[in-house]
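Okay, here's what each chain looks like letter by letter:
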Amino acid sequence: MGRVGTALRELRGAQKSAKGVSLYSRFVNRPTGRYLAAGSYALGLTPNQVTLISAAFSFAAVAAVALTGPSWALGLAVWAALAVGFAFDSADGQLARLRGGGSAAGEWLDHVVDAAKLTALHSCVLIAFYRFPEEYGTTADGWLLVPLGFQFAAVVTFFGGLLTEKLKPRPAPGSPAAAPSTLRAVALLPVDYGVFCLVFLLLGGGRLFTWAYAGLGGVATLFLLAFLAKWFRELSAVRR
């Protein structure tokens, strides 16, 4: 317990900037990940092992969506597995900082797992819509385009955000960090992965899940358009 407590104290002072982070990630996922990182440190786990634990929870949930008919129990189990997987996704980076810094291979593995998770999750919703059309109200073929569109918006947003961060110039050493905006943190809630996971609690509602999922997909598409315009404008001022 002493080692966990020491790790928690060190992690509190080694958090990433809250700029551009939604309230869920800032006040729920990151603090949960901090406890998981401290526990993983005490157990002697490596950041890559924590990444693989995150993947195991996430892909178990993904498989359950595709293979099992909708029910309230399934929804609770899927949400819990996705939420735990997301918390471990935060923990791997925090553990790496606690151990003195991560590696390029570790960052690569983390991003590959994230990309695979996003792609697989929406693909399995599509499979569920196809396998259980009566339960989800997706007997019309057009409904199968909804997960494809949502997947497109999610993957392009993920890749575009990563690439923008890589291409933007780093702030000068010692420059003060910009204060996080509470208004922006609230506005980003609809496209936070942790908030998206909550929609799976509605799996037992069948059609209710379908409409809620489609609504979030529409919001994700609108945010993608806004993000693309913002990122292009920011990078237009960068000379290489």
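Residues numbered from 1 in each chain as written. Predicted model: local features only at pLDDT ≥ 70, side-chain atom pairs only at ≥ 80, totals over all residues. Heavy atoms only, no water.

Engineer: Got a minute to help me understand the overall build of the protein in this structure?
Structural biologist: Within the protein, the secondary structure is distributed over 10 helices and 0 strands. Within the protein, the fraction of its 240 residues that count as buried is 38%. Relative to all contacts within the protein whose residues are 6 or more apart in sequence, the contacts with residues 24 or more apart total 82%. Entry remark: accessible area of the protein is about 12,700 Å², with carbon and sulfur atoms responsible for 68%. (Helix = DSSP H or I, 4+ residues; strand = E, 2+ residues; numbered from the N terminus. Buried < 20%, exposed > 50% of the residue type's maximum accessible area, 1.4 Å probe, protein only. Contact = heavy atoms within 4.5 Å. Areas by Shrake-Rupley, 256 points an atom, 1.4 Å probe, with all protein chains shown as cover.)

Engineer: In this structure, what is going on with helix 7 (residues 145-167)? I would like to understand it.
Structural biologist: For an α-helix the count is 3.6 residues per turn, leaving residues at separations of three or four pointing the same way. Along its 23 residues, helix 7 runs 32 Å from first to last C-alpha, staying within 8% of the 33 Å computed at 1.5 Å per residue. Every buried residue of helix 7 is listed here: Pro147, Phe150, Gln151, Ala153, Ala154, Gly160, Gly161 and Thr164. (Expected span 1.5 Å × (residues − 1).)

Engineer: Whenever I open this one, the packing of helix 3 (residues 47-67) against helix 5 (residues 104-131) confuses me. Can you help?
Structural biologist: Packed helices, taken two at a time, are described by the angle their axes make and the gap between the axes. At a minimum axis distance of 8 Å, the contact between helix 3 and helix 5 shows a crossing angle of 5°. On the basis of the axis angle, helix 3 is roughly parallel to helix 5. For the contact of helix 3 with helix 5, the class distribution of residues is 15 nonpolar, 4 polar and 3 charged. (Axes fitted to C-alpha atoms, helices over the stretch in contact; angles between N-to-C directions. Parallel < 35°, antiparallel > 145°, perpendicular 65-115°, else oblique. Nonpolar A, V, L, I, M, F, W, Y, C, P; charged D, E, K, R; others polar.)

Engineer: Could you clarify how one ought to interpret the nonpolar core in this entry?
Structural biologist: One broad trend across soluble globular proteins is that nonpolar side chains are buried collectively. Judged by nonpolar contacts, the single largest core of 33 residues is most densely connected at Val78, Leu82, Tyr193, Phe196, Phe200 and Phe209. Among the elements that make up this core, the one with the highest residue count is helix 5 (7 residues). Sequence-distant contacts of Phe200, defined by excluding residues within four places in its chain, comprise Val65, Gly75, Val78, Trp79, Leu82, Leu121, Val125 and Phe209. In terms of nonpolar packing, the next biggest core, distinct from the first, is built from 6 residues, Ala37, Phe88, Ala91 and Leu98 among them. (Core = buried A, V, L, I, M, F, W, Y, C linked by side-chain atoms within 4.5 Å.)

Engineer: I would appreciate a short explanation of a nonpolar patch on the surface in the present structure.
Structural biologist: A cluster of nonpolar side chains, namely Leu222, Leu225 and Leu228, defines an oily patch on the protein surface of about 300 Å² accessible area. Tracing the sequence through the fold places Leu222 in helix 10 (residues 207-236). (Patch = residues over 30% accessible without salt bridge, like charges linked within 9 Å, V, L, I, M, F, W, Y side chains within 5 Å. Salt bridge = Lys/Arg side-chain N within 4 Å of Asp/Glu carboxyl O.)

Engineer: Is there a simple way to think about the environment of Phe86 in this case?
Structural biologist: The residue Phe86 is located in helix 4 (residues 72-98) in this model. Accessibility expressed as a relative area gives 11% for Phe86, which makes it buried. Distance in space between the C-alpha atoms of Phe86 and Ser25 is 9.6 Å, their sequence separation being 61 residues. Excluding its chain neighbours within four sequence positions, the residues that come into contact with Phe86 are Tyr24, Ser25, Asn29, Asp192, Tyr193 and Gly194.

Engineer: Honestly, the pattern of salt bridges in this entry has me stumped. Any pointers?
Structural biologist: For side chains bearing opposite charge, pairing can occur when the charged atoms are close. Within the structure shown, the criterion is met by 5 salt bridges. For the salt bridge of Asp114 with Lys117, the shortest nitrogen-to-oxygen distance reads 3.6 Å. With Asp114 and Lys117 both in helix 5, this residue pair falls 3 residues apart, about one helical turn. Each member of the pair Asp114 and Lys117 is classed as buried. Here Glu234 ties to Lys230 by a salt bridge, and the two come within 2.7 Å at their closest N and O atoms. With Glu234 and Lys230 both in helix 10 and 4 residues apart, the pair spans about one turn of that helix. Via salt bridges that share partners, Asp89, Asp114 and Lys117 belong to a single interconnected network.

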